[in-house]
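# Coordinate analysis (summary)
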Amino acid sequence: MPSVDLNMDIPHPSRMYDYYLGGKDNFPADREAAEQVLSIVPEMRMAARMNRAFLGRAVRHAAAAGIVQFLDIGTGIPTAGNTHEVAQEVNPRVRVAYVDNDPIVLTHARALMAGPGHGETHVVQADLREPGRILSDPTVRRTIDFGEPVALVLAAILHFIPDEDGPYGIVEQLLKPLPAGSMLILSHGSWEAEGEDFSDRAELIKAPYRRASAQLHLRSRAEVDRFFTGVDVVEPGVVPVSNWRARATHEEWLGARGFFGGVGVKP
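Conventions we followed
Residues numbered from 1 in each chain as written. Predicted model: local features only at pLDDT ≥ 70, side-chain atom pairs only at ≥ 80, totals over all residues. Heavy atoms only, no water. Helix = DSSP H or I, 4+ residues; strand = E, 2+ residues; numbered from the N terminus. Rg over C-alpha atoms; globule rule 2.2 N^0.38 Å. Buried < 20%, exposed > 50% of the residue type's maximum accessible area, 1.4 Å probe, protein only. Areas by Shrake-Rupley, 256 points an atom, 1.4 Å probe, with all protein chains shown as cover. Lys, Arg positive; Asp, Glu negative; His and termini not counted. Charge placed at Lys NZ, Arg CZ, Asp CG, Glu CD. Phe/Tyr/Trp six-rings, centres within 6.5 Å; stacked < 30°, edge-to-face > 60°. Lys NZ or Arg CZ within 6 Å of the ring centre and 35° of its normal. Salt bridge = Lys/Arg side-chain N within 4 Å of Asp/Glu carboxyl O. Core = buried A, V, L, I, M, F, W, Y, C linked by side-chain atoms within 4.5 Å. Contact = heavy atoms within 4.5 Å. Expected span 1.5 Å × (residues − 1). 1 Å grid on protein atoms, 1.4 Å probe; cavity = no way out; pocket = protein on both sides within 12 Å on 5 of 7 lines; lining within 4 Å. Points joined across faces, edges and corners; volume = space filled by probe spheres on them. Nonpolar A, V, L, I, M, F, W, Y, C, P; charged D, E, K, R; others polar.

Along the backbone of the chain there are 11 helices and 10 strands. For the chain, the C-alpha radius of gyration of 17 Å lies close to 18 Å, the compact-globule estimate for 267 residues. Projected onto the principal axes, the alpha-carbon positions of the chain cover approximately 45 × 40 × 35 Å. Counting over 267 residues, the chain shows a buried share of 56%. When the accessible surface of the chain is summed, it comes to about 11,500 Å², and 51% of that surface belongs to carbon and sulfur atoms. Charge centroids of the chain, computed over 27 positive and 35 negative side chains, lie 3 Å from each other.

Our focus in this paragraph is the packing of aromatic side chains. The final tally for this structure, using the stated rule, is 3 aromatic pairs. Here phenylalanine 160 and tyrosine 209 contribute two aromatic rings whose centre-to-centre distance is 5.8 Å and whose plane-to-plane angle is 45°, an arrangement assigned as tilted. Here tyrosine 209 lies in helix α9 (residues 199-210) and phenylalanine 160 lies in the loop between β4 (151-155) and α8 (167-175), a separation of 49 residues in the sequence. The exposure classification of phenylalanine 160 matches that of tyrosine 209, with both residues buried. Here arginine 45 stacks its cationic end above the ring of tyrosine 19, 4.9 Å away from the centre of that ring.

Another point: the environment of glutamate 85. Locating glutamate 85 in the fold gives a position in helix α4 (residues 83-90). With 11 residues separating them in the primary sequence, glutamate 85 and valine 96 have C-alpha atoms 9.8 Å apart.

Once that is clear, we can look at the pattern of salt bridges. Considering all chains together, one arrives at 7 salt bridges under this definition. Ionic pairing is found between arginine 15 and aspartate 30, a salt bridge with its closest N-O pair at 2.8 Å. A residue pair is termed long-range when its members are at least 10 positions apart, and arginine 15 in helix α1 (residues 13-20) and aspartate 30 in helix α2 (residues 28-40) qualify at 15 residues. Pair check on accessibility: arginine 15 and aspartate 30 agree, each one buried. For aspartate 163, the salt bridge identified is with arginine 219, shortest N-O distance 2.9 Å. Of this pair, aspartate 163 sits in the loop between β4 and α8 while arginine 219 sits in the loop between α9 and α10 (221-226), placing them 56 residues apart in sequence. The class of aspartate 163 is exposed, set by a relative accessible area of 55%.

Quick look at unusual backbone geometry now. At the junction of glutamate 235 and proline 236, the peptide bond is cis and its omega measures out at 10° in the coordinates. Its identity is not glycine, yet alanine 156 carries a phi of approximately 55°, on the positive side. Here alanine 156 is to be found in the loop between β4 and α8. Among the residues examined, alanine 156 registers a relative accessible area of 14% and is labelled buried. The backbone of arginine 245 shows a phi angle near 55°, a positive value even though the residue is not glycine. Within the secondary structure layout, arginine 245 lies in the loop between β9 (239-240) and α11 (250-256). We classify arginine 245 as partly exposed; its relative accessible area is 43%.

Soluble globular proteins tend to pack their nonpolar side chains together in the buried interior. By size, the foremost hydrophobic cluster in this structure holds 87 residues, and its most contacted members are Tyr20, Phe70, Ile73, Leu128, Leu152, Leu154 and Leu158. Apart from the residues within four sequence positions on either side, leucine 128 is in contact with Ile73, Ile134, Leu154, Ile157, Leu158, Ile161, Ile170 and Leu174.

Bringing helix α3 (residues 44-64) into the picture now. The first and last C-alpha atoms of α3 sit 30 Å apart over 21 residues, in line with the 30 Å expected at 1.5 Å per residue. With 15 of 21 residues buried, α3 is to be regarded as a mostly interior element. Positioned one or two residues after α3, glycine 66 has a phi angle of 105°, which is positive.

Counted as a void, the second largest pocket has a volume near 210 Å³. Residue lining of the second largest pocket: Tyr168, Val171, Glu172, Leu175, Lys176, Arg226, Phe227, Thr229, Gly230, Val231 and Lys266, and that is the complete set. It is α8 that contributes the most residues to the lining of the second largest pocket, 4 residues altogether. Taken together, the residues that form the lining of the second largest pocket break down as 5 nonpolar, 2 polar and 4 charged.

A separate point is the environment of isoleucine 73. If you trace the backbone, isoleucine 73 turns up in strand β1 (residues 69-73). Separated by 24 residues in sequence, isoleucine 73 and alanine 97 have C-alpha atoms that sit 8.3 Å apart. Residues contacting isoleucine 73, with those up to four places away along its chain left out, are Val99, Leu128, Ile134, Leu152, Val153, Leu154, Ile157 and Leu174.

Here it is in structure tokens:
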């Protein structure tokens, strides 16, 4: 697996996301690109916060349902409410394998995991576009028992995978070895929501990402739903992330209405 070199002059989506969340683990190029996005879509900060809150609720749901293994791909730079923190609050026996391809993410995550109170948590450098390598990685195999249910977390990552790289096939390949009772936790940006079409703005916000290490590929509501093919979607379905098992304020709903998320159970 080729590593991703650290280049501070090229914006990286995970560091831009960190900036949206108010983090400090980003470089001038990341901040400049993020500010260009915010000038077009000021609610991006709210969308990022609502996505993070959705992740916490979905992880808590999976852990409360008895899942003790989480494979979180495209984890991003560690911040409050990481998958392992939320899940291990429910069950200290939870094991988590994080996967990301950004060296900054790996550096911060490994430093965080070196401290006490993080349970069995490991970090792997790998690329979502190579699911076979992720599934066969020695650290992943030591952390995850594929004979027992697993929660596969793909939060705000698949919209950086272009159609030509087969995003639906990637999800299918990752789900295939997981046994019945496993869960898919997924969120994805869209250019439409509740009958509204944001395609004009969507084209504009793609521009800052063209200089980044990964391009932005927003999809329609129906295309996001398609990622849940083969799993039973739990209530309330695939909805704006602010509304997934939460009572969103009008401001929260407006900020995240083009960001869909859901949880599915493998039958």
